[in-house]
Amino acid sequence: TILANWINQIQRGEKIRCARDQVFSPVHVDDVVATILATVRQDLSGIYNVGNPQSYSRLDMLRILIDSLCVEVPIIECSIRDFDFLDQRPLNLSMDSRKVLENTGLEFRSVSSCCQELSRKVRGEADVISKEES
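Definitions and limits used
Residues numbered from 1 in each chain as written. Predicted model: local features only at pLDDT ≥ 70, side-chain atom pairs only at ≥ 80, totals over all residues. Heavy atoms only, no water. Helix = DSSP H or I, 4+ residues; strand = E, 2+ residues; numbered from the N terminus. Buried < 20%, exposed > 50% of the residue type's maximum accessible area, 1.4 Å probe, protein only. Contact = heavy atoms within 4.5 Å. Disulfide = S-S within 2.5 Å. Polar contact = N/O pair within 3.5 Å; in protein donor to acceptor, adjacent residues only side chain to side chain. Arc of directions from axis to C-beta.

Enquirer: Could you give an account of the overall build of the protein, with specific residues and numbers?
Expert: Regarding its fold elements, the protein presents five helices and four strands. Going residue by residue from the N terminus, the α and β elements of the protein occur as α-β-β-α-β-α-β-α-α. Dimensions of the protein, computed from the C-alpha atoms along their principal axes, are close to 55 × 40 × 25 Å. Across the 134 residues that make up the protein, the buried fraction comes to 32%. Within the protein, counting contacts between residues at least 6 apart in sequence, those at least 24 apart form 84% of the total.

Enquirer: Can you tell me about unusual backbone geometry, naming the residues and giving the values?
Expert: For D43, which is not glycine, the phi torsion reads 55° and is therefore positive. Relative to the helices and strands, D43 is located in the loop between α2 (29-41) and β3 (56-57). Within the chain, C70 stands out as a residue other than glycine whose phi angle is a positive 55°. Here C70 shows up in the loop between α3 (58-69) and β4 (75-78).

Enquirer: Give me the lowdown on the state of the cysteines, citing residues and values where you can.
Expert: All chains considered together, the criterion is met by zero disulfides. There is no disulfide at C78, and the cysteine sulfur nearest it, in C18, is 6.9 Å away. Owing to a relative accessible area of 5%, C78 belongs among the buried residues under this scheme. A disulfide-free cysteine, C114 has its sulfur positioned 6.9 Å from the sulfur of C115, the nearest such atom.

Enquirer: Before we move on, can you summarise the environment of N103 with the specific residues and values?
Expert: You can see N103 is positioned in helix α4 (residues 98-104). Overall, N103 belongs to the partly exposed group, its relative accessible area being 36%. Between the C-alpha atoms of N103 and Y48, which are 55 residues apart in sequence, the distance is 9.8 Å. Excluding anything up to four places from it in sequence, N103 contacts Q42, L44 and Y48. From its side chain, N103 meets the backbone oxygen of K99 in a polar contact 2.7 Å long.

Enquirer: Describe in detail helix α1 (residues 2-11), supporting the description with residues and values.
Expert: Residue pairs spaced three or four apart in an α-helix point in one direction, given the helix's 3.6 residues per turn. Looking only at α1, the buried set comprises L3, W6, I7, Q9 and I10. Looking straight down α1, one finds its buried side chains confined to an arc of 165°; they lie on one side. Where α1 terminates, the next one or two residues include G13, which has phi positive at roughly 75°.

Next comes the structure, spelled out in structure tokens:
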């Protein structure tokens, strides 16, 4: 995932090049699973967007992750257009998930809570590694 890639870059002490202009609706995989189960249990049909109800830029998300890790990371802000993709990437990938949330009664995790969860795991792994080295 994008968060795992950034964690790896942070652990390697790299500068992170990050787009400020692409917006999307990131969602925790457990929330996707819960949505699938709820739609099957409730026998819902139709088209449903599954994404965070709040949109974030890649840069916003990176800053939330960095804050949750309590680290300083050099960020090189850029446009998504500055990356060498084979195709042209849209700037707005956000989705309106109100329909699925209203029909299932679910609430999706915030990006902040996902980053906090990931940060705890990363710190826990670092503690285990440092104890093994002692």
